Amino acid sequence: MKKSRRRKNGDLFRRGKKAGLPPGTPVFVGEQKQQHVITDILHYSGEHLEEIHAATLKDCARLKNRPGITWINVSGIHDAQAVQNMANLFALHPLTAEDISNTAQRPKAEEFDDYLFFALKMLSYDEKANAVLHENVSVILTENCVLSFQEDREGDVLDPLRHRIRSGKGRIRREGTDYLAYAILDAVVDEYFVCLEKLGDYIEEIDEQILTGPDAGHMREIHRLKQEILFLRRAVWPLREEIAALEKSETRLIRGATRIFLRDLRDHSVQIADMVEIIRDIIGNMQDTFLSSTGNRMNEVMKMLTIIGTIFIPLTFIAGIYGMNFENMPELKWKYGYFVLLGLMAAVGVIMLALFKKRNWL
Amino acid sequence: MKKSRRRKNGDLFRRGKKAGLPPGTPVFVGEQKQQHVITDILHYSGEHLEEIHAATLKDCARLKNRPGITWINVSGIHDAQAVQNMANLFALHPLTAEDISNTAQRPKAEEFDDYLFFALKMLSYDEKANAVLHENVSVILTENCVLSFQEDREGDVLDPLRHRIRSGKGRIRREGTDYLAYAILDAVVDEYFVCLEKLGDYIEEIDEQILTGPDAGHMREIHRLKQEILFLRRAVWPLREEIAALEKSETRLIRGATRIFLRDLRDHSVQIADMVEIIRDIIGNMQDTFLSSTGNRMNEVMKMLTIIGTIFIPLTFIAGIYGMNFENMPELKWKYGYFVLLGLMAAVGVIMLALFKKRNWL
Amino acid sequence: MKKSRRRKNGDLFRRGKKAGLPPGTPVFVGEQKQQHVITDILHYSGEHLEEIHAATLKDCARLKNRPGITWINVSGIHDAQAVQNMANLFALHPLTAEDISNTAQRPKAEEFDDYLFFALKMLSYDEKANAVLHENVSVILTENCVLSFQEDREGDVLDPLRHRIRSGKGRIRREGTDYLAYAILDAVVDEYFVCLEKLGDYIEEIDEQILTGPDAGHMREIHRLKQEILFLRRAVWPLREEIAALEKSETRLIRGATRIFLRDLRDHSVQIADMVEIIRDIIGNMQDTFLSSTGNRMNEVMKMLTIIGTIFIPLTFIAGIYGMNFENMPELKWKYGYFVLLGLMAAVGVIMLALFKKRNWL
Amino acid sequence: MKKSRRRKNGDLFRRGKKAGLPPGTPVFVGEQKQQHVITDILHYSGEHLEEIHAATLKDCARLKNRPGITWINVSGIHDAQAVQNMANLFALHPLTAEDISNTAQRPKAEEFDDYLFFALKMLSYDEKANAVLHENVSVILTENCVLSFQEDREGDVLDPLRHRIRSGKGRIRREGTDYLAYAILDAVVDEYFVCLEKLGDYIEEIDEQILTGPDAGHMREIHRLKQEILFLRRAVWPLREEIAALEKSETRLIRGATRIFLRDLRDHSVQIADMVEIIRDIIGNMQDTFLSSTGNRMNEVMKMLTIIGTIFIPLTFIAGIYGMNFENMPELKWKYGYFVLLGLMAAVGVIMLALFKKRNWL
Amino acid sequence: MKKSRRRKNGDLFRRGKKAGLPPGTPVFVGEQKQQHVITDILHYSGEHLEEIHAATLKDCARLKNRPGITWINVSGIHDAQAVQNMANLFALHPLTAEDISNTAQRPKAEEFDDYLFFALKMLSYDEKANAVLHENVSVILTENCVLSFQEDREGDVLDPLRHRIRSGKGRIRREGTDYLAYAILDAVVDEYFVCLEKLGDYIEEIDEQILTGPDAGHMREIHRLKQEILFLRRAVWPLREEIAALEKSETRLIRGATRIFLRDLRDHSVQIADMVEIIRDIIGNMQDTFLSSTGNRMNEVMKMLTIIGTIFIPLTFIAGIYGMNFENMPELKWKYGYFVLLGLMAAVGVIMLALFKKRNWL
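Residues numbered from 1 in each chain as written. Chains lettered and ligands numbered in written order. Predicted model: local features only at pLDDT ≥ 70, side-chain atom pairs only at ≥ 80, totals over all residues. Heavy atoms only, no water.

**Q** It is not clear to me how the relation of the copies chain D and chain E should be interpreted in this structure. Could you clarify?
**A** The operation relating the two chain copies consists of a rotation about an axis and a shift along that axis. Structural alignment of chain D on chain E gives an RMSD of 0.1 Å, achieved by rotating through 72 degrees and translating 0.0 Å along the axis. Such values leave the two copies arranged in the relation of a five-fold axis. Within chain D, the C-alpha atom positioned nearest to the axis of rotation is that of G323 of chain D, 4.5 Å from it. Residue by residue, only 12% of the interface of chain D is reproduced at the interface of chain E, so the copies engage with different surfaces. (Least-squares fit on C-alpha atoms with pLDDT ≥ 70 in both. Contact = heavy atoms within 4.5 Å.)

**Q** Help me out: how do you make sense of the arrangement of the chains in this one?
**A** The two units chain A and chain D remain apart, with a minimum C-alpha distance of 9 Å. The two partners chain C and chain E share no contact, and the minimum distance between any of their C-alpha atoms is 9 Å.

**Q** Can you walk me through the relation of the copies chain A and chain B in this structure?
**A** By a simple turn and slide, chain A fits onto chain B: the slide is 0.0 Å along the axis, the RMSD is 0.1 Å, and the turn is 72 degrees. A low fraction, 12%, of the interface residues of chain A reappear at the interface in chain B, so the copies pair through non-equivalent surfaces.

**Q** It is not clear to me how the nonpolar core should be interpreted in this structure. Could you clarify?
**A** One broad trend across soluble globular proteins is that nonpolar side chains are buried collectively. By size, the foremost hydrophobic cluster in this structure holds 120 residues, and its most contacted members are Y322 of chain A, Y322 of chain B, Y322 of chain C, Y322 of chain D together with Y322 of chain E. When residues no more than four places from it in sequence are discounted, the contact partners of Y322 of chain E are Y338 of chain A, G323, M324, N325 and F326 of chain D together with M329, E331, L332 and L341 of chain E. (Core = buried A, V, L, I, M, F, W, Y, C linked by side-chain atoms within 4.5 Å. Buried < 20%, exposed > 50% of the residue type's maximum accessible area, 1.4 Å probe, protein only.)

**Q** When you look at the packing of aromatic side chains in this model, what are you seeing that I'm missing?
**A** Ring pairs (aromatic) are described by centroid distance and by the angle formed between their planes. For the structure on display, the rule yields 45 aromatic pairs over all chains. On the basis of an interplanar angle of 50 degrees and a centroid distance of 6.4 Å, the ring pair of Y336 of chain C and F339 of chain C is categorised as tilted. Feature note: the residues Y322, Y336, Y338 and F339 of chain A together with F326 of chain E constitute an aromatic cluster, connected by ring pairs. The lysine or arginine in question, R263 of chain A, covers the ring of F112 of chain B, its NZ or CZ lying 4.7 Å from the ring centre. (Phe/Tyr/Trp six-rings, centres within 6.5 Å; stacked < 30°, edge-to-face > 60°. Lys NZ or Arg CZ within 6 Å of the ring centre and 35° of its normal.)

**Q** Before we go on, may I ask you to explain the environment of Q84 of chain A in this structure?
**A** Residues and elements named next belong to chain A. On the secondary structure map, Q84 appears in helix α2 (residues 80–89). Q84 sits 57 residues away from V27 along the chain, and the two C-alpha atoms are 10.0 Å apart. Once residues within four sequence positions are removed from consideration, Q84 is found in contact with P26 and A97. (Helix = DSSP H or I, 4+ residues; strand = E, 2+ residues; numbered from the N terminus.)

**Q** How do you make sense of the interface of chain D and chain E when you look at a structure like this?
**A** Interface size is commonly expressed as the accessible surface area that is lost when the partners come together. Contacts between the two partners involve 64 residues from chain D and, on the opposite side, 67 residues from chain E. Of the roughly 5,900 Å² buried between chain D and chain E, counting both surfaces, carbon and sulfur atoms make up 62%. For the pair chain D and chain E, the interface holds five salt bridges. As a salt-bridge pair, D274 of chain D and R106 of chain E come within 2.8 Å of each other at their nearest N and O atoms. Linking chain D to chain E there are 18 residue pairs in polar contact (both at pLDDT 80 or more). (Buried area = accessible area lost by both parts, 1.4 Å probe. Salt bridge = Lys/Arg side-chain N within 4 Å of Asp/Glu carboxyl O. Polar contact = N/O pair within 3.5 Å; in protein donor to acceptor, adjacent residues only side chain to side chain.)

**Q** Help me understand helix α9 (residues 337–358) of chain D, please; the structure alone is not making it clear to me.
**A** Along an α-helix, residues three or four positions apart point the same way, because every turn accommodates 3.6 residues. Residue and element names in this part refer to chain D. With 22 residues, α9 should cover 32 Å at 1.5 Å per step; its first-to-last C-alpha distance of 31 Å lies within 8% of that length. Those residues of α9 not exposed but buried are G337, Y338, L341, M345, G349, M352 and F356. An end-on view of α9 places all buried positions within 110 degrees of arc, on one side of the element. Turned more than 90 degrees away from the buried face of α9, the exposed residues are V340, V350, I351, K357 and K358. (Expected span 1.5 Å × (residues − 1). Arc of directions from axis to C-beta.)

**Q** Help me out: how do you make sense of the pattern of salt bridges in this one?
**A** Note that side chains of opposite charge can pair when their charged atoms are close. A complete count under the given rule lists 105 salt bridges over all chains for this structure. The shortest N-O distance in the salt bridge between E247 of chain E and R266 of chain E comes to 2.6 Å. Taken together, the residues span a long stretch of sequence, with E247 of chain E in helix α6 (residues 216–248) and R266 of chain E in helix α7 (residues 256–321) at a distance of 19 residues. The network of salt bridges with common partners includes D99, K108 and E110 of chain A together with R263, D264 and D267 of chain E.

**Q** Hey, could you run me through the layout of surface pockets in this one?
**A** Take a probe with the size of a water molecule and roll it over the atoms, and the empty space left behind shows itself. Size it by volume and the second largest pocket reaches roughly 1,300 Å³. Every residue lining the second largest pocket is counted, 48 residues in all, and those nearest its centre are T294, N296, R297, M298 and N299 of chain B. Mapped by element, the contributors of at least two residues to the lining of the second largest pocket are α5 (177–212) and α7 (256–321) of chain A, α5 (177–212), α6 (216–248) and α7 (256–321) of chain B together with α6 (216–248) and α7 (256–321) of chain C. Across the lining of the second largest pocket, the residue classes break down as 21 nonpolar, 13 polar and 14 charged. (1 Å grid on protein atoms, 1.4 Å probe; cavity = no way out; pocket = protein on both sides within 12 Å on 5 of 7 lines; lining within 4 Å. Points joined across faces, edges and corners; volume = space filled by probe spheres on them. Nonpolar A, V, L, I, M, F, W, Y, C, P; charged D, E, K, R; others polar.)

**Q** How should the sheet that holds strand β7 (residues 145–150) of chain D be read in this particular structure?
**A** For sheets, the rule is that strands pair by backbone hydrogen bonds, running either parallel or antiparallel. Residue and element names in this part refer to chain D. One open sheet accounts for seven strands, arranged β2-β1-β3-β7-β6-β5-β4; its pairing is mixed. At either margin of the open sheet sits one strand with a lone partner, and together these are β2 (49–52) and β4 (108–111). Each adjacent strand pair in this sheet contributes to an overall mean axis angle of 15 degrees, direction not counted. Of the pairings in the sheet, the one linking strand β6 (residues 131–141) to β7 comprises five bridges and is antiparallel in character. Counted as the bridge partner of S138 is F149 from β7. Sitting on the sheet, helix α5 (residues 177–212) touches β1 (38–44), β3 (69–75), β5 (116–126), β6 and β7, and the angle it makes with β5 is about 30 degrees. (Pairing = 2+ DSSP bridges. Axes fitted to C-alpha atoms, helices over the stretch in contact; angles between N-to-C directions.)

**Q** What is the right way to read the pairing of strand β1 (residues 38–44) of chain E from this model?
**A** Where a strand is regular, its side chains alternate between the two sheet faces. Residue and element names in this part refer to chain E. Across the seven residues that make up β1, a large majority, six, are buried. Sheet topology note: the β1/strand β3 (residues 69–75) ladder contains seven bridges and is antiparallel. Bridge pairing in β3 links T39 to V74. Both β1 and strand β2 (residues 49–52) contribute to a ladder of four bridges, which runs antiparallel. Of the residues in β2, the one forming a bridge with L42 is E51. Two successive antiparallel strands, β1 and β2, enclose a turn made up of four residues.

**Q** Help me out: how do you make sense of the interface of chain A and chain B in this one?
**A** Taken together, the 64 residues of chain A in the interface contact 67 residues of chain B. Buried surface at the junction of chain A and chain B, both sides included, amounts to about 6,000 Å², of which 62% is carbon and sulfur. The tally of links between chain A and chain B comes to five salt bridges. Across the pair D264 of chain A and K108 of chain B runs a salt bridge, and its minimum N-O distance is 3.8 Å. Connecting chain A to chain B are 18 residue pairs in polar contact (both at pLDDT 80 or more). When residues of the side of chain A that touches chain B are traced back to their parent elements, those giving at least two are α4 (159–167), α5, α7 and α8 (330–333) of chain A.

**Q** How should I be thinking about unusual backbone geometry in this particular structure?
**A** Note on backbone geometry: most residues besides glycine have negative phi, and most peptide bonds are trans. Positive phi is not limited to glycine here, since N130 of chain B has a value of about 50 degrees. Relative to the elements of secondary structure, N130 of chain B occurs in the loop between β5 (116–126) and β6 (131–141). For A54 of chain E, which is not glycine, the phi torsion reads 50 degrees and is therefore positive. Checked against the element boundaries, A54 of chain E lands in the loop between β2 and α1 (57–64).

**Q** I tried to follow the sheet that holds β3 of chain E on my own but got confused; where do I start?
**A** Residues and elements named next belong to chain E. Judged by pairing direction, the sheet is mixed, and its seven strands sit side by side in the order β2-β1-β3-β7-β6-β5-β4 without closing on themselves. At either margin of the open sheet sits one strand with a lone partner, and together these are β2 and β4 (108–111). Geometrically, the sheet is characterised by an average inter-axis angle of 15 degrees between neighbouring strands, direction not taken into account. Where β3 meets strand β7 (residues 145–150), six bridges bridge the pair, whose relative direction is parallel. Opposite I72, over in β7, you have L147 as the bridge partner.

Okay, structure coming up:
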């Protein structure tokens, strides 16, 4: 389970310390999530499987060109040197090395001469804070290797995929590197649905609460959720176009059969973008309802004052009249004056109430 | 008649339990709507008609390649195995099998080598809850078969179509599988108009009520309707583009004559998207009017308090003056002091009222 | 003059009764506007002119292929059989026949092999209700005939065109069927400007009233106008694209010289769409101003209460003090106590007023 | 200086009287701005310059085909016959003649076989009314003539251009008709910057006033400015696309060197459209601030009432208690009862104030 | 450090004084930021480096065509003659000269026959005013020179770049003029991230303050920030498209290897545009929260008045009753009348409070 951490707006902008450096310098700008950089290698073909945990750069160099498919997963991108070494080994463009380390990177897919580069966000839902946590994932697809870089591999969404490779279930062992890269992206994107489902449920709960009894805490929560959605959109929206561009690109690194899977992935990303928009609109509705609701309650309260005031102010005035000390006030001497007046006052009160009732104020 | 069920926002996101499975695994993520999966076959040509209710997989295999047109309707998609069997029989791509079972599927049209796949929503209006019910429908068009998958066939909108095939009315018996697929889509989309008409009438009714006497219940209803529209848009908007893409595609599965009908279908889906937008705007206007209305009523109430207060507070003060117990208050001893004061008070009250009238406050 | 009739939202959705019928079945879904279907024929060439009022189907068949230009105008589309007969005579596609009868049809232009089909709205302004009335018009352009279908020909906008044909004024007698079709569309669209001008004037009037004295009736009127604009947009927006598509199409039915006129028509429809948007924004501004205005008036009213309350409540308290019946209250025995107190009260009141003045509350 | 005139919404829609006329009939629909139509001719080449003020149609015919460049400026378009004569002389399309007279014309650029037609708005800022005045300008570019039509030439923005031609400054005398047409458009568009600058300054002034002391007049001014912007947008937005279309068109009337200037003009029109949007957003912000501001002031006022009321209402109640006339009220007989009570009241008041202070209400 | 200066809306529109001048006349329309125009030259190749501070026009002419790369930086564009001289030396198009001097220039990239022209904004964050300062930068890329024009070179963002050239670090000394031009743009754009990060942090701070205790000053700050964003968007939005156009252009001045860097630059500009939108939405949310917050506080205040009023007004009335001077008021003579009444009053008060509690008003 990822550690819950309260996001700050400023996080979005933590690129600043890079300014002034030459383009293509990898600099880690995020928050370090695990202590050491750990590299895992999974080398496999239809019949064969080899797994190296905590691999060295030498292991990578050795397996890089061996027949079969090599998946190198680097977990921990805060060590710029480690990223640079790996980039050198695979002859990555300096800008790619820079993008891998940049946790504020916008999702993108880029073609280079010898490889494809994907950057996207791995989302996970923090059940305690009811917040969505963002993590940067980069995937590089070459002729016979797939490199993946992530911030923290503990409890990640790629475990079921690793398990499928080990067990040989599904089509993954029969397909190429392009399918492996797709499978990684698919696993990451599938988790988005889980996050959105949980977020959706939470929002529904808040919505229910606001309809029954809105309070100032809900205002703060709506404010937070709106911010949350702003960040979610940023993680999700570009994906759609990037995958579509990839699907249409003529790179030889992606074979025809895998393009159908990419189409499906694009379809999912469109669906997710839709969902985020719907959640956004739901939060908007929630806010409108919150405002109407508190407005309604206030109106009720004020109406009470108005009714009480409107009935008693005139009556108090009448009582005030007969509290005056004029010497010549004939009514005061009438035997039943007091009782007549009480009756009169009661009548005025009843008439007022009737009027309010008639005008639908009660 | 479909059973009325209150929709939850979360339903939109019930895809989550799929995460971690390999792509192309059919998993039912919705709510089961009928007990058993029932497969019906309608095999026909210009002169010939054969109908099998509760058909087996063997029936399907037998009729699949026989000359004429075979319509296989599978009702109930909660049984992943049944869907998988059918997919195997027709050599469907694993992703298609997955999409058929996914009740949260976004409307789409996809070309594969040997078949076309359509997913869309069947809408029906729940007169009791004044809500629109959504059901997933998938249609697969092959050389000489049409497969359709739905969640619950009871009281569905395809019955008139089945009747038309049986009776040989219209052009359906003379046309190919592409026309049959079109006719299914058309029947589903035509029902949208019915739903929107009923929803429109209901909204008009609420609108009328709000103009005459808004209450807190209307606020809740507006809230619900706005949510309803969010879901409706999602079911309706993608349709337009998907049908347009199909109309322009070069698949040999759709003949020229049917393309004119597809153009008409696109036109209908554009019209429906327009209507949904108009309904959305009407609900927006309704909310504005609700807010103005309740604001107006509050203003009226407060004005009442203000007028009463403004008249009686000064008068009460005057009465208070003459209720003081100073020993030397000459007015108290005047013979007609009391009556003069009463007159004065009446005059103040009348002048105040006149002022209010003049300033248009009454 | 068209009869004024209050539009209902639901009218937009009166397509529902069609659901279940085979595609291509003409069904009238609107409100019948004249009793009988009347067909008029105008047959002309440069030198020649023949006019038949209340023509029969035979007349149509006879004139259909005769050299020259034949304009057949069918007024009254509620009789599905009459529409069907005409469609059969001219070998129209079943979907065209369906669209002609459908009063909820969205404006569109469609190319068929032998003819072009246009559907648009004829607008007229109801001066009594200050509402825009919508009527469906369909125009079919074939090699040497123009067919037009309308709901009610009384007082329509085509009369000046008929007159121009009869008198031989302008270029119309020298041009082909494409120019005639253009001239019909142009006459319909020109009337939009008249409607928008009148609507614009009416809105200006309401705007003026709101600035001087807003009341609850204006809220209702704004609500109605916003709905009105929703329907207007729907009638007007699609036109632009449809005419642009036509202008670019390669149909041989439209000659080069006429395309310049179509460009002008597109320009007009763009202008109209612009105007409708401007009117919409004006109504939006009007609503904002209405809300500010009523808010302002309320504020004024409440300020009054506050000022009166703030001055007299403390004074009344002071009077209350000296109305107490304590035995030992030395001030009560002072000879000029009463007058001193009155002076004090006046001073408090004056100071309060001065404070209000200073804080700009008066 | 143009005469200041208050614009009305309806002006936008003054096309109505054209309805029913054949297309291509020039009808003046605006407000006449000068008494007589005046035609000026400037005929020039690199070395030669001839100028005719108040030229006749014969002068135009004479200079039309003479070598060199002829600029014919017609000022006053209310005389349909004059426009028609000129149109005939230059063999303009009837629709062009119609567009020249139409003051409600949307900016556009149209290619014809022998000429290019531009319509745009000449804006000027009315310093007294702080309003932008709109005037229609049409420019026609032929092989060796440029025709320009405007509503009123007094104090117009073309004078500096005329001066440049006369003095032979700049490149204008060395370039062709296309550069002259560009120079006219450029002069008109440059004036937009002046208008927007002045409008921007005025809006800033209002903004400042609203921040310091908002009153009901500002609401009216915001309302007016929003309307102003609606009209401005309409004058400015289409320009961008029209110039872009021109820049890309393959007409032989515009040479390569002039296209670079057109690109610059497009850049200016994009910039102007941007500015109008920014002004629009600034006015929107202004309105939000106005509402918050007046809301704030109201809140302050109401808080005052609440504080006064909350302190004195309970105190008045206590005074009321001891104003009762019960025979047996022991406190009344206490020697220092009155003073104790006064102290108590003071204490209550002070405590209340302290509470308010603590809760940040003061 | 740049001097902090409060921006005015009008600044955006300071182009006005240009109107009437022939196109292509350089006129400085901004605010002069440094006293003298200073030209610096950096001439370098792989091995060689020459630097001239405060260079003359002759130096420029001398180095212009010498082998190697020449970077001429002109700081101070308020001297139109200096700009014109440089433009003449490099045979720049008059419109380019005009654009260089125009501080209100929108970001753009333009291809000419012999050079590319870029205009963009250099942003810097003023920590005191929490405002973003804008400065105009123009870059001209020719075969073997790069010209850059800026308003004020003190403390600018190009210093690290100059340092990299001097020290020979990074790839800059090995690349051509296209890479140098890219490096300048990249340095300018990287600074945007710094500005946005600081602005984002400041906005977060304000947001926090509003959640805890909103006051009228926050309203003003929100107003200012919204204006700030309007200007920021204008500086940032066009960049994206301009760089994309450049990336796709076929100019021989940009080599393939540099295009990959341009792609990265476009990616950054997209990211910045995204961030600006997010900041804008955050400010929008902030305003909503500000309004809810102040609304909430007002409600609290009014509730107080209502509760106090509702409890004491009836009690005061009762006290008023027994303050009347009727001769025959039996209760007054009861021995414990006073105490009974006090008890009664206490009971009424307690019941009222209980009711309020029950209705959740306390």
